[in-house]
Amino acid sequence: MIPTILRRRLTLGGLAVAALVAIGASTSQGADPFVAGGPSARHVELPTAGADAAKARGRAVMAALGVAGVRETVERLDDRFDHRTYDEVTSFDSRGRPVAISRLDLDGSVGMAVALGWHPVGGGAVDGPGAAARATAAARAAGLAPRGDPEVHASAGAGGWVVSWPRFVGDVLVRGDGLRILLFADGGFHGLTRTERPLADVPVRILDRDEALGLAERALATRAGSRAGDLSVAAVELAWLAPNGRANGTMLDAPDGTLRLAWVVRFEATGPLADTVRSVEVWLDAGAGHSLGGDVVE
Amino acid sequence: MSRAHWWRLLGPPLLAVAVLVAATPAAALGAYQASVDVNTSAFNPPCDPDVNNIVPKMMTAAKAAYGRLGHVATSYTGVDFTRARTLARTPYDWGYYVHSHGDYYWHSGDARRYTGFREDSGDCSQAVVFSKDIKAKRAGRQSNLVFVSTCHAADANTTMPDAFAIEKTKSFGANVQGPEFYVGYIGLQWDSDEWIFEQRFWNALAAGKSVGASFDVAMLGAFKAAGFDADWWGTYQWMGVAGPWSTCRYCI
């Protein structure tokens, strides 16, 4: 039997532990407030003057991109998935249909713009160089100044083309950042997104390629036993990326808001493993070597 | 009889009916079932050397999203996501989401290929669910939102939309093809990009955007792959609400 005083102490101790756990949980949620299953954007109060300015700016941006609205609505959103607060302006036509959405950063610059709807594929389609020229013109119309030659990809989801200017720091690609413009097959504007997320400091010492590869191979071998042999190294490269995991192995529901310099080790699957997995990426902090998460093509 | 007296007489039965309606399970009212099938086993040890924590997030998000659209949504993984169980459920599904390994698989019996995906089954030996299997079970019944979160699900030659009786056309404006929308990925895609796309899509739907507008917003994510691509077929301006066609505010 536990003496009463000891039982009281245990109870108080238990409460204290529970409180600490609760505080810890709250703190971790503060660092990563987005939780899978919920909406990622929540409303933030927007003063009337700010709303009027955003609507005017949204209308002007979409008009410059060739989409004429007759009425706008606006809401300020805190997007916990994208780690961004923006004014989302929806433009409507004379029949009350939404025809465009623009997302404006709080300084008025364009983060995203989309012409809603669909252009049937018909005659007058533009080719790759034509798409690049149209995208460059659209970027300039939106007040952006892309530099250099863009990458051009055919895209069914875009309705024709995706033209992108990826972001580099030195020679290192910043994954997901840059300017991307979607065009319909006829060259008409469909969408635009501009992303430039903050970067963590460059590590004082960067692991060399072989060190990173060794760490990645050892990590897989300890987890998988015999099936690790079904993965062969395809690439080892440095990249800036948004971690989707923490150093302790736990995962983030949203990609981290600050990008880190990472060694990306890509493996291709062979043998029986290839029935379900095609590629695996291990992401390692370029300085400390700990996990930043990873990725898979299934 | 006075007006006040009428109300006194009608009050209790009206109240009883209101209580009964409120207490009746959704299923008894003709609930719109949605199934969320997610292959977890294939992408975690011992089947895959690397731990995949993206997949559970996709399952949670999809189930919640179908619930917000008015479906009675249930998620299945492990031994609950088998070819047999999926095919047993599919005739009753209005909405369907699957995340797995997908391809344009050879079907030796028919000596041709069909789009399909692998079951989970809780082990590393996973049968293919072919589109023709689903088509046979569903026999042309109406689908709502169908999201096939696998590689090759929306390639130009995909046979999966037809399994759900969704014509591979893009309907916009006054041109509608009913309360249906099919989404899938083109070619090979990374899970991290699929997760970004899916969260953007579900979030836009939750904010009241049409399925087509939600797709357009989802396409503008910060994807790591320059060639990321997805496609859709169905009614662009449909709002994604569960059940048969009622009204479409913006289909004009």
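Rules used throughout
Residues numbered from 1 in each chain as written. Chains lettered and ligands numbered in written order. Predicted model: local features only at pLDDT ≥ 70, side-chain atom pairs only at ≥ 80, totals over all residues. Helix = DSSP H or I, 4+ residues; strand = E, 2+ residues; numbered from the N terminus. Buried ≥ 20, exposed ≤ 12 C-beta atoms within 10 Å, placed from the backbone. Contact = placed C-beta atoms within 7 Å. Nonpolar A, V, L, I, M, F, W, Y, C, P; charged D, E, K, R; others polar. Pairing = 2+ DSSP bridges. Axes fitted to C-alpha atoms, helices over the stretch in contact; angles between N-to-C directions. pLDDT = per-residue confidence, 0-100. Domains from an automatic or database assignment. Parallel < 35°, antiparallel > 145°, perpendicular 65-115°, else oblique. Left-handed = near helix turned anticlockwise from the far one by under 90°. Expected span 1.5 Å × (residues − 1).

Colleague: Help me out: how do you make sense of the overall build of chain A in this one?
Modeller: Per the secondary structure count, chain A includes 4 helices and 13 strands. Out of the 298 residues in chain A, the part that is buried amounts to 43%. Summarising the internal contacts of chain A: among those between residues at least 6 apart in sequence, 55% fall at separations of at least 24.

Colleague: Which parts of the structure should I look at to understand the interface of chain A and chain B?
Modeller: The figure often quoted for interface size is the accessible area lost as the parts come together. Contacts between the two partners involve 53 residues from chain A and, on the opposite side, 48 residues from chain B. Among the residues forming the side of chain A that touches chain B, the class breakdown is 25 nonpolar, 17 polar and 11 charged.

Colleague: Explain the pairing of strand S7 (residues 145-149) of chain B here, please?
Modeller: Consecutive side chains of a regular strand alternate in pointing toward one face of the sheet and then the other. All names here are of chain B. For S7, a buried count of 5 out of 5 residues is recorded, marking the element as mostly surrounded by other parts of the structure. The two faces of S7 match: Leu-145, Phe-147 and Ser-149 on one face and Val-146 and Val-148 on the other face are all buried. As defined by bridge partners, strand S3 (residues 93-99) adjoins S7 across 4 bridges and the pair is classed as parallel. Along S7, the bridge assignment pairs Tyr-96 with Val-146. Examined bridge by bridge, S7 and strand S9 (residues 181-185) share 4 bridges and lie parallel to one another. In the sheet register, Val-148 faces S9, and the bridge partner there is Gly-184.

Colleague: Even after reading the chapter, I still don't get the sheet that holds S3(B), so can you show me in this structure?
Modeller: Backbone hydrogen bonds are what pair the strands of a sheet, in a parallel or an antiparallel way. Residue and element names in this part refer to chain B. Ordered by their spatial adjacency, 7 strands build an open sheet running S2-S1-S3-S7-S9-S10-S8, and the pairing between neighbours is mixed. Only two strands of the sheet have a single neighbouring strand rather than two, namely strand S2 (71-76) and strand S8 (170-171). Pairing analysis gives 6 bridges linking strand S1 (residues 32-38) to S2, with the strands arranged parallel. Each bridged residue has a counterpart across the sheet, and for Val-36 the counterpart in S2 is Ser-75. Seen against the sheet, helix H2 (residues 54-68) touches S1, S2, S3 and S7 and runs at an angle of roughly 175° to S1.

Colleague: Would you mind showing me how to read the confidence of the model for chain B here?
Modeller: Regions with low pLDDT carry predicted coordinates that are not meant to be interpreted in detail. Residue and element names in this part refer to chain B. Across chain B, the average pLDDT comes to 89, with 88% of residues at or above 70. Predicted confidence for residues 1-29 stays below pLDDT 50, and this span has 5 contacts to residues more than four positions away or in other chains. Predicted complex, confidence summary: ipTM 0.88, pTM 0.88.

Colleague: How should the domain arrangement of chain A be read in this particular structure?
Modeller: Residues and elements named next belong to chain A. Taken domain by domain, chain A holds domain 1 (35-117), domain 2 (123-196) and domain 3 (209-297). For domain 1 versus domain 2, the distance between C-alpha centres works out to 21 Å. Between domain 1 and domain 2, the residue contacts involve 10 residues of the former and 11 residues of the latter. When residues in the side of domain 1 that touches domain 2 are grouped by element, the largest group, 6 residues, is from strand S5 (residues 110-115).

Colleague: Got a minute to help me understand the packing of H2(B) against helix H6 (residues 191-206) of chain B in this structure?
Modeller: The geometry of a pair of packed helices is captured by two quantities: the angle between their axes and the separation between those axes. Residue and element names in this part refer to chain B. Two elements in contact, H2 and H6, have axes separated by 10 Å at closest approach and are oriented at 20°. Classed by the angle they form, the pair H2 and H6 counts as roughly parallel. Seen along the crossing, H2 lies across H6 with a hand that is left-handed. Seen from H2, the contacting residues are Ile-54, Lys-57, Met-58, Ala-61, Ala-65 and Arg-68; seen from H6, they are Asp-191, Ser-192, Trp-195, Glu-198, Gln-199, Trp-202, Leu-205 and Ala-206. Along the lines of polarity and charge, the residues of the contact of H2 with H6 split into 8 nonpolar, 2 polar and 4 charged.

Colleague: Can you walk me through unusual backbone geometry in this structure?
Modeller: With glycine set apart, most residues show a phi of negative sign, and most peptide bonds adopt trans. All names here are of chain B. In the segment running from Pro-45 into Pro-46, the intervening peptide bond is cis, with an omega of 5°. For Pro-46, the location among the structural elements is in the loop between S1 and H2. Within the chain, His-152 stands out as a residue other than glycine whose phi angle is a positive 70°. By the C-beta count within 10 Å, which is 23 here, His-152 ends up buried.

Colleague: Quick question: what am I supposed to make of H6(B) here?
Modeller: Given 3.6 residues per helical turn, the α-helix brings residues three or four places apart onto the same face. All names here are of chain B. Between the first and last C-alpha of H6 there are 22 Å, a value that for 16 residues agrees with the 22 Å anticipated at 1.5 Å per step. Counting buried positions along H6 yields 15 of 16 residues, so the element is predominantly enclosed. Positive phi appears at Gly-208, one or two residues downstream of H6, with a value of about 95°.

Colleague: How should I be thinking about the packing of H6(B) against helix H7 (residues 211-218) of chain B in this particular structure?
Modeller: Residue and element names in this part refer to chain B. The N-to-C vectors of H6 and H7 enclose an angle of 145°; their axes lie 8 Å apart at closest approach. Where H6 crosses over H7, the handedness of that crossing is right-handed. Residues Phe-197, Arg-200, Phe-201, Ala-204 and Leu-205 of H6 touch H7, and the partners they reach there are Val-211, Ala-213, Ser-214, Phe-215, Val-217 and Ala-218. Broken down by class, the residue content of the contact of H6 with H7 amounts to 9 nonpolar, 1 polar and 1 charged.

Colleague: When you look at the pairing of S5(A) in this model, what are you seeing that I'm missing?
Modeller: All names here are of chain A. For S5, a buried count of 6 out of 6 residues is recorded, marking the element as mostly surrounded by other parts of the structure. Bridge count for strand S4 (residues 98-105) against S5 is 5 bridges, and the pairing is antiparallel. Looking at S5, one finds that Arg-103 is bridged to Met-112. Taking the residues between adjacent antiparallel strands as the criterion, S4 and S5 are bridged by 4 residues, where Gly-108 takes a positive phi near 90°. As paired elements, S5 and strand S9 (residues 189-195) share 3 bridges and run antiparallel to each other. Residue pairing for S9: Val-114 is matched across the bridge by Gly-191.

Colleague: What exactly am I supposed to notice about the environment of Lys135(B) here?
Modeller: Residue and element names in this part refer to chain B. Relative to the assigned elements, Lys-135 resides in helix H4 (residues 131-138). Lys-135 sits in the partly exposed class, given 18 other C-beta atoms within 10 Å. Not counting residues up to four positions away in its chain, the partners in contact with Lys-135 are Asp-162 and Ala-163.

Colleague: Any chance you could explain the sheet that holds strand S4 (residues 102-107) of chain B here in plain terms?
Modeller: Residue and element names in this part refer to chain B. Pairing in this open sheet of 3 strands is antiparallel, and the strands run S4-S5-S6 from one edge to the other. Edge positions in the open sheet fall to S4 and strand S6 (128-130), since each of these has one partner strand only. Taken over all neighbouring pairs, the strand axes of this sheet differ in orientation by 50° on average, direction set aside. For S4 and strand S5 (residues 112-118), the ladder comprises 6 bridges, and the chain directions are antiparallel. Within S5, the residue paired with Asp-103 across the bridge is Gly-116. Where H4 meets the sheet, its contacts fall on S5 and S6, and the angle it forms with S6 comes to roughly 55°.

Colleague: Could you clarify how one ought to interpret the environment of Ala100(A) in this entry?
Modeller: Residues and elements named next belong to chain A. Relative to the helices and strands, Ala-100 resides in strand S4. The spatial distance from the C-alpha of Ala-100 to the C-alpha of Ala-133 is 22 Å, given a sequence separation of 33 residues. Setting aside chain neighbours within four positions, we find Ala-100 in contact with Met-62, Val-67, Gly-69, Ser-91, Val-114, Ala-115 and Leu-116.

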